[in-house]
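Structure assessment
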Amino acid sequence: MPRRVLDPQFVIEHLSILDSDGNLDTALEPDIAPADLKRLYRAMLLGRRLDERMVRLQRQGRIGTFAPIKGQEASQMGSVFTLRPTDWMVPSFRETAAMIYRGWPIEKVLLLFAGSLEGGRPAPDQHDLPITVPVATQLPHAVGLAYAAQYREDNVVVMAYFGDGATSEGDFHEALNFAGVWHVPIVFVCQNNQWAISVPIKKQTHSRTLAQKALAYGFPGIQVDGNDVLAVYAASREAVERARAGEGPTLIECVTYRLGVHTTADDPTKYRSEEEVKAWEQKDPLTRFNAYLQKKNLLEEGLEEQIDAEIAAAVQRFEAMAAADPLTIFDHVYAELPPHLRAQKEELRERLEKDVERRADEELPPPLPMRGQRKTSRWQN
Amino acid sequence: MAVMTYREALNLALREEMHRDPRVFLIGEEIGLYDGAYKVTQGLLKEFGERRVVDTPICESGFTGVAVGAAMLGLRPVVEMMTFNFSILALDQIVNSAAKLYYMSGGQYSVPMVIRGPGGPAHQLAAQHSQSMEVYFYHVPGLKVVRPSTPRDAKGLLKSAIRDDNPVIFIEAETLYGIKGEVPDDPEFTIPLGKAEIRREGTDVTVFAYMGMMYRALEVAEELAKEGISCEVVDPRTLRPMDIETMIGSVRKTHRAVVVEAGAGFAGMGSEIAAFVTENAFDDLDAPVERITGANAPMPYAKNLEQAKTPSKEKIIATIRRVCSA
């Protein structure tokens, strides 16, 4: 009869283990083998260096628009590091470091952002989905993978990535609702980088945290310092173990910051202050992890040079690749080539052959700049 | 050969394919305990259990998206839309995910799934439940679209759709669930996707029509035969990919074509077939291709208004007479 408080009363935890001043909570410090700590740092540094290189490649028109990860290395690597190769990784579109760690060759990632479908094709034994650009649509797919894994009795966990903006989408609600009802083995990793292009988190939701949204679906949510790789790792390992033990989904909110542009077609100086960016630069995930490893004497001499050389070699391999064959536009539309596409393919083949004959003596016009590279708008045109 | 209803034929196809392939499972609203809003999934929960007949939360894009994920991992989901009008809620998952992920994964993950349920005008289901939804889907590369008009086709085409490695949109009709017809018992009986069927042979004009309009076209053909006009009624069955050979072959024979379409017309199936015939058989035509479509307005609720909106027998007859006198 009376108005009363229902059980359970919910709490939301925030986890921080290694803060930006280098303070370490040794009671919470996860037990990671020295070799793994080195691998983890290497993957984060590779993510950062590749990201910087890719921005330059894009500015030079050698690859197209992409979403840089700078600042989010700990959120990505701390979480993906807890997966087995047989587990499934479902990216959004900003998980380059995690993709490389999962086995995508660097030149393949470059190929993807240069527009080749081949670059988006996971290897046959690689349990990763391709990137998806529509926001949050990958989340129901991730739940479907987890349902199918349960159906087939595969012993796997699914980890799905998305940003703060995605939590406003219906697909986010739907995926978490289905995951809760079906109790599937999935970990939702939200990289709350504070900005969905120009929309700050305050305009995205009135919730105190994004983690608390999990409670409405009947499973745990935890907020972690997303620039603290140890905290992300600890929370992710716990969530992955729970999922593997049949204890259902978890939502992890990694509080982080996008230090760079949303995509290479974006100019963040138009909507956020330099002071804000500077303040977050002080919390750089690499700086504090570097200091942590230095204390443990685990930093490798010349690692940065080694990584840069690896990236340079991959860029060379990428640039040596032949341009895509126009006739491949008809591949992979259907599992088989239907008659109307066969006819269109034949027509294109004939046209290309004629063009080659006609142009044999002509000088070709310079190629058009790639999308995101154009400096004009429709008004200036 | 057994005589059964269209509904029973669909149910049999689902049952046979679930027995044949353990990867096939059903997912949707009210399909288990309730046996489906139109009873197409009757008895299947009892026979196959909750793992394979999944009652979901009420959320079209959610269960469609989940099915896309399950299909990428190698299962073969059959999604039921309680009515295809609700599939608009899942349009992003169908268009941007189901139809694109095979392509965007460079051929790594196929999406073998069927999305099925009733669509098109029925009896007083009003504006939001009477739309010819196929128009939203056949525009999209990567999707196949099927509209089965008879119990035999319902079984044979649904089985092919389930075995197909692409996402297939399979739109049934409320008004056809109860019709009866002969259906082969053979569990290996299938009808290939992309094959049209000549429902009635004729020499003067080809009438393209499917679902309820196909039956109306047959009635019209019977009446026009009395005045010496011989109609060939062609049912495309699969709207995408279309059967060029049968459809164009018929026009080359009759030299005239009309399309009868229950939907709202503009940019509908009639437009596509008319363009298709013009491109492929212009020199064979003795008259312009004409379309007979529903009025370009939402479907009214009142019975008399509903009738006024839908292509009538009289209108079809008048159009065919005009085309044949040209």
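Residues numbered from 1 in each chain as written. Chains lettered and ligands numbered in written order. Predicted model: local features only at pLDDT ≥ 70, side-chain atom pairs only at ≥ 80, totals over all residues. Heavy atoms only, no water.

**Observations concerning the overall build of chain A**
Let me state the cut-off plainly: Put simply, DSSP marks the helices as runs of H or I at least four residues long and the strands as runs of E at least two long, and each gets a number from the N terminus on. What the globule rule says is 2.2 Å times the number of residues to the power 0.38, and the radius of gyration is computed from C-alpha atoms. With a 1.4 Å probe rolled over the protein chains alone, any residue whose accessible area is under 20% of its type maximum counts as buried; one over 50% counts as exposed, and the rest are partly exposed. In short, Shrake-Rupley with a 1.4 Å probe defines the accessible areas, and a residue's cover is counted only from the protein chains shown. Note on charges: Lys and Arg go in the positive column, Asp and Glu in the negative column, and His and the chain ends are not counted at all. A single reference atom marks each charge: NZ on Lys, CZ on Arg, CG on Asp, CD on Glu.
Looking only at helices and strands, chain A features 13 helices and eight strands. Against the 2.2 N^0.38 benchmark of 21 Å for 381 residues, chain A shows a C-alpha radius of gyration of 23 Å, consistent with a compact globule. In terms of overall dimensions, chain A has C-alpha extents of about 85 × 50 × 45 Å along its principal axes. The buried share of chain A, reckoned over its 381 residues, is 51%. Total accessible area on chain A stands at roughly 18,800 Å², and carbon and sulfur atoms take up 51% of it. Seen as two clouds, the 45 positive and the 55 negative side-chain charges of chain A have centres 3 Å apart.

**Things to note about the overall build of chain B**
The criterion, for reference: Here a residue-residue contact requires only that any non-hydrogen atoms of the pair lie within 4.5 Å.
Counting its secondary structure elements, chain B contains 12 helices and 14 strands. Along the first, second and third principal axes, the C-alpha set of chain B runs to 60 × 45 × 40 Å. When the 326 residues of chain B are sorted by exposure, 60% land in the buried category. Within chain B, residue pairs in contact and separated by at least 24 positions form 83% of the contacts whose partners lie at least 6 positions apart. Side chains of chain B give 35 positive and 43 negative charges; the mean places of these two sets differ by 1 Å.

**Observations concerning the pattern of salt bridges**
Two side chains carrying opposite charge are able to pair once their charged atoms lie near each other. Residue and element names in this part refer to chain B. In plain terms, the rule: Should a side-chain nitrogen of Lys or Arg be within 4 Å of a carboxyl oxygen of Asp or Glu, the pair is scored as a salt bridge.
Summed over all chains, the structure comprises 46 salt bridges over all chains. Arg237 is the partner of Glu197 in a salt bridge, and the nearest nitrogen-oxygen pair spans 3.6 Å. With Glu197 in strand β9 (residues 197–200) and Arg237 in the loop between β11 (231–235) and β12 (238–240), this pair connects stretches of sequence that are 40 residues apart. Residue classification places Arg237 among the buried residues on the basis of a relative accessible area of 4%. We note a salt bridge from Arg200 to Glu222, for which the minimum N-O separation is 2.9 Å. On the criterion of sequence distance, the pair formed by Arg200 in strand β9 and Glu222 in helix α8 (residues 212–226) is long-range, its members being 22 residues apart. Under the relative-accessibility criterion, Arg200 is labelled partly exposed at 24%. Relative accessible area serves as the criterion here: at 47%, Glu222 is assigned to the partly exposed category.

**Some details on the packing of helix α1 (residues 34–59) of chain A against helix α12 (residues 303–319) of chain A**
Residues and elements named next belong to chain A. The test is simple: For helices, the fitted axis covers only the stretch in contact; all axes are lines through C-alpha atoms, and the angles between them, taken along N-to-C directions, range from 0 to 180 degrees. Orientation is classified from the angle alone, with under 35 degrees giving roughly parallel, over 145 giving roughly antiparallel, 65 to 115 giving roughly perpendicular, and any other angle giving oblique. The hand of a helix crossing depends on one turn: near helix anticlockwise from the far one by less than a right angle means left-handed, and clockwise means right-handed. Polarity classes work like this: nonpolar for Ala, Val, Leu, Ile, Met, Phe, Trp, Tyr, Cys and Pro, charged for Asp, Glu, Lys and Arg, and polar for all others, with Gly in that last group.
Where α1 meets α12, the axes come as close as 10 Å, and the angle between the chain directions of the two elements is 50°. Judged by the angle between their axes, α1 and α12 are oblique. Classified by chirality, the crossing of α12 by α1 is right-handed. Side by side, α1 and α12 meet where Tyr41, Arg42, Leu45, Leu46, Arg49, Leu50, Arg53 and Leu57 of the first sit next to Leu303, Glu304, Gln306, Ile307, Asp308, Glu310, Ile311 and Val315 of the second. Tallied by class, residues from the contact of α1 with α12 come to nine nonpolar, one polar and six charged.

**Observations regarding the side chain of Lys159(B)**
All names here are of chain B. Quick note on the threshold: Polar contact is defined as a pair of N or O atoms within 3.5 Å, subject to the rule that within protein one atom must be able to donate a hydrogen and the other to accept it, and that residues adjacent in sequence are counted only when both atoms are side-chain atoms.
Relative to the elements of secondary structure, Lys159 occurs in helix α7 (residues 151–163). A relative accessible area of 0% places Lys159 in the buried class. A polar side-chain atom of Lys159 sits 2.8 Å from a polar atom in the side chain of Glu17. Setting aside anything within four residues of it in sequence, one finds Lys159 in contact with Ala13, Glu16, Glu17, Pro187, Phe189 and Thr190.

**With respect to the packing of helix α2 (residues 73–80) of chain A against helix α9 (residues 229–244) of chain A**
Residue and element names in this part refer to chain A. In contact at an axis separation of 8 Å, α2 and α9 are set at 35° when each is read in the N-to-C sense. Handedness of the α2/α9 crossing: right-handed. Along the contact surface, α2 presents Ala74, Ser75, Gly78 and Ser79, while α9 presents Val229, Val232, Tyr233 and Ser236. Of the residues contributing to the contact of α2 with α9, the split by class is four nonpolar, four polar and no charged.

**A closer look at the domain arrangement of chain A**
Inclusion rule: Bear in mind that the domain bounds are from an automatic or database domain assignment.
Assigned domains within chain A: domain 1 (13–319) and domain 2 (326–372). Taking the mean C-alpha position of each, domain 1 of chain A and domain 2 of chain A sit 37 Å from one another.

**Side note on helix α3 (residues 60–72) of chain B**
Residues and elements named next belong to chain B. Quick note on the threshold: In a helix, the anticipated span is given by 1.5 Å times the number of residues less one.
Compared with the 18 Å implied by 1.5 Å per residue over 13 residues, the 18 Å span of α3 between its first and last C-alpha is a close match. A large share of α3 lies buried, amounting to 13 of its 13 residues. Positive backbone phi, approximately 105°, marks Gly74, located one or two places after α3.

**With respect to the interface of chain B and chain A**
One widely used convention gives an interface's size as the accessible area the parts lose upon coming together. For the record, the criterion: The term buried area means the drop in 1.4 Å probe accessible area that two parts suffer when joined, counted for both and summed.
In this assembly, 46 residues from chain B lie in contact with 41 residues from chain A. Here chain B meets chain A over a buried area of about 3,600 Å², counting both sides, of which 64% is carbon and sulfur. Along the contact surface separating chain B from chain A lie one salt bridge. Residue Glu336(A) pairs with Lys144(B) through a salt bridge whose shortest N-O separation is 2.7 Å. At the junction of chain B with chain A, the criterion picks out 25 residue pairs in polar contact (both at pLDDT 80 or more). The set of elements that each furnish at least two residues to the side of chain B that touches chain A consists of β2 (24–28), α3, α4 (91–98) and α5 (101–104) of chain B. Tallying contributions element by element places α3(B) first for the side of chain B that touches chain A, with nine residues. When the residues that make up the side of chain B that touches chain A are grouped by side-chain class, the tally is 23 nonpolar, 15 polar and eight charged.

**Quick notes on the packing of aromatic side chains**
The geometry of an aromatic ring pair is captured by the separation of the ring centres together with the interplanar angle, meaning the angle of the planes. Note the threshold: Pairs were defined over the aromatic rings of Phe, Tyr and Trp, the Trp ring being its six-membered one, requiring ring centres within 6.5 Å. Orientation was assigned from the angle between planes: stacked under 30 degrees, edge-to-face over 60, tilted for the rest. Only Lys NZ and Arg CZ are tested; either one counts as a charge over a ring when it is within 6 Å of the ring centre and within 35 degrees of the ring normal.
Summed over the entire model, instances satisfying the criterion amount to 19 aromatic pairs over all chains. Every member of this aromatic cluster is reached through a ring pair, and the members are Tyr147(A), Tyr151(A), Phe178(A), Trp182(A) and Phe25(B). When the ring centre of Tyr34(B) is taken as origin, the NZ or CZ atom of Lys39(B), which lies over that ring, is 3.9 Å away.

**As for the domain arrangement of chain B**
Residue and element names in this part refer to chain B. As far as domains go, chain B holds domain 1 (2–183) and domain 2 (197–325). Measuring from the centre of the C-alpha atoms in domain 1 to the corresponding centre in domain 2 gives 27 Å. Here domain 1 packs against domain 2, burying approximately 2,100 Å² in sum over the two surfaces, 57% of which is carbon and sulfur. Its largest share of buried area at the contact with domain 2, domain 1 owes to Gln124, Tyr138 and Arg147, together 31% of the area lost on that side. At the boundary of domain 1 and domain 2, one finds two salt bridges.

**Description of the nonpolar core**
Inclusion rule: In these notes, a set of buried Ala, Val, Leu, Ile, Met, Phe, Trp, Tyr and Cys residues joined through side-chain atoms within 4.5 Å is what counts as a nonpolar core.
One finds Val143(A) and Phe188(A) to be the most contacted residues of the largest nonpolar core, which totals 120 residues. It is helix α5 (residues 138–152) of chain A that contributes the most residues to this core, nine residues altogether. Beyond its immediate chain neighbours, meaning those up to four positions away, Val143(A) contacts Ala175(A), Phe178(A), Ala179(A), Trp182(A), Val184(A), Ile186(A), Phe188(A) and Val66(B). Judged by nonpolar contacts, the second largest core, of 67 residues, contains Leu18(A), Met54(A), Phe66(A) and Tyr292(A).

**Thoughts on the sheet that holds β9(B)**
Pairing between the strands of a sheet comes from backbone hydrogen bonds, and it takes one of two forms, parallel or antiparallel. Residues and elements named next belong to chain B. Going by this rule: Strand pairing is assigned whenever DSSP identifies at least 2 bridges connecting the two strands.
As summarised here, the arrangement of the five strands in space is β9-β11-β10-β13-β14, forming an open sheet in which the pairing is mixed. For this open sheet the edge positions go to β9 and β14 (290–293), each flanked by a neighbour on one side alone. This sheet shows a mean twist of 25° between the axes of neighbouring strands, independent of strand direction. Sheet analysis places strand β10 (residues 205–208) next to strand β13 (residues 257–261), joined by three bridges and oriented parallel. Residue Thr206 lies in a different strand from β13, and its bridge partner there is Ala257.

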